[in-house]
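# Chain and residue survey
The lines below spell out each chain.
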Amino acid sequence: MTGVQTCALPICQHPQVAEVRQQGMILAVELAQSPHQRAPYPAADRRGLRAYQHALTRGVLLRPLGNTLYLMPPYVITAAELGRVCEVLIEAVDVATRP
């Protein structure tokens, strides 16, 4: 299992995450009001932007596209750095999905 796959495991269990996709080192996390029905948040809520802003304050750069967050770490990232990025990603999803 790769480092990015290890990062994806806990975020898959988040109650507001509808889907986690991975292609190589790129991880996409789709947020939803009701993950089982894949009901998205209204665009005006800007949940992806909220997550991005929180992660940025913690020194992690995420790419929000609507309700989907993209994590694209550099190939030279260490395991410890990737662990921190994953922790911040989970925090950011928590912050962004609060009512």
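Quick summary incoming for the structure in this document. Each chain has its residues counted from 1, running along the sequence as written. Residue-level local features of this predicted model are given only where pLDDT is at least 70; pairs of side-chain atoms are given and counted only at 80 or more, and the full residue set underlies all totals for whole chains, interfaces and linings. Only hydrogens and water are removed before side-chain values are computed, so all heavy atoms of the structure are retained for them.

## A look at the nonpolar core
Rule in force here: Residues belong to one nonpolar core when they are buried, are Ala, Val, Leu, Ile, Met, Phe, Trp, Tyr or Cys, and are joined through side-chain atoms within 4.5 Å. We call a residue buried when its accessible area falls under 20% of the maximum for its residue type, exposed when it is over 50%, and partly exposed in between, using a 1.4 Å probe and counting protein chains only. Secondary structure follows DSSP: runs of H or I at least 4 residues long count as helices, runs of E at least 2 residues long count as strands, and numbering of each begins at the N terminus. Residue contacts are counted whenever heavy atoms from the two residues lie within 4.5 Å of one another.
Formed by 24 residues in total, the largest nonpolar core has its most connected members in Leu27, Val29, Leu31, Leu62, Leu69, Leu89 and Val93. Elements supplying a minimum of two residues to this core: α1 (3-12), β2 (26-31), α2 (47-57), β4 (68-71) and α3 (79-96). Top contributing element to this core by residue count: α3, with eight residues. For Leu62, the residues in contact, after removing those within four places along its chain, are Ala51, Tyr52, Ala55, Leu69, Tyr70, Leu71, Leu89 and Ala92.

## A closer look at the packing of α1 against α3
Filter applied, for reference: Fitted lines through C-alpha atoms give the axes, limited to the stretch in contact for helices. The angle between two N-to-C directions lies from 0 to 180 degrees. Angles below 35 degrees are treated as roughly parallel, those above 145 as roughly antiparallel, those between 65 and 115 as roughly perpendicular, and all remaining angles as oblique. Should the near helix be turned counterclockwise from the far one by less than a right angle, the crossing is left-handed, whereas a clockwise turn marks it as right-handed.
Put simply, α1 and α3 touch, their axes get as near as 10 Å, and they point 25° apart. Taken together, the axes of α1 and α3 lie roughly parallel to each other. In this structure, α1 meets α3 at a crossing whose hand is right-handed. Facing α1, whose interface residues are Gly3, Val4, Cys7, Pro10 and Ile11, α3 presents Leu82, Cys86, Leu89, Ile90 and Val93.

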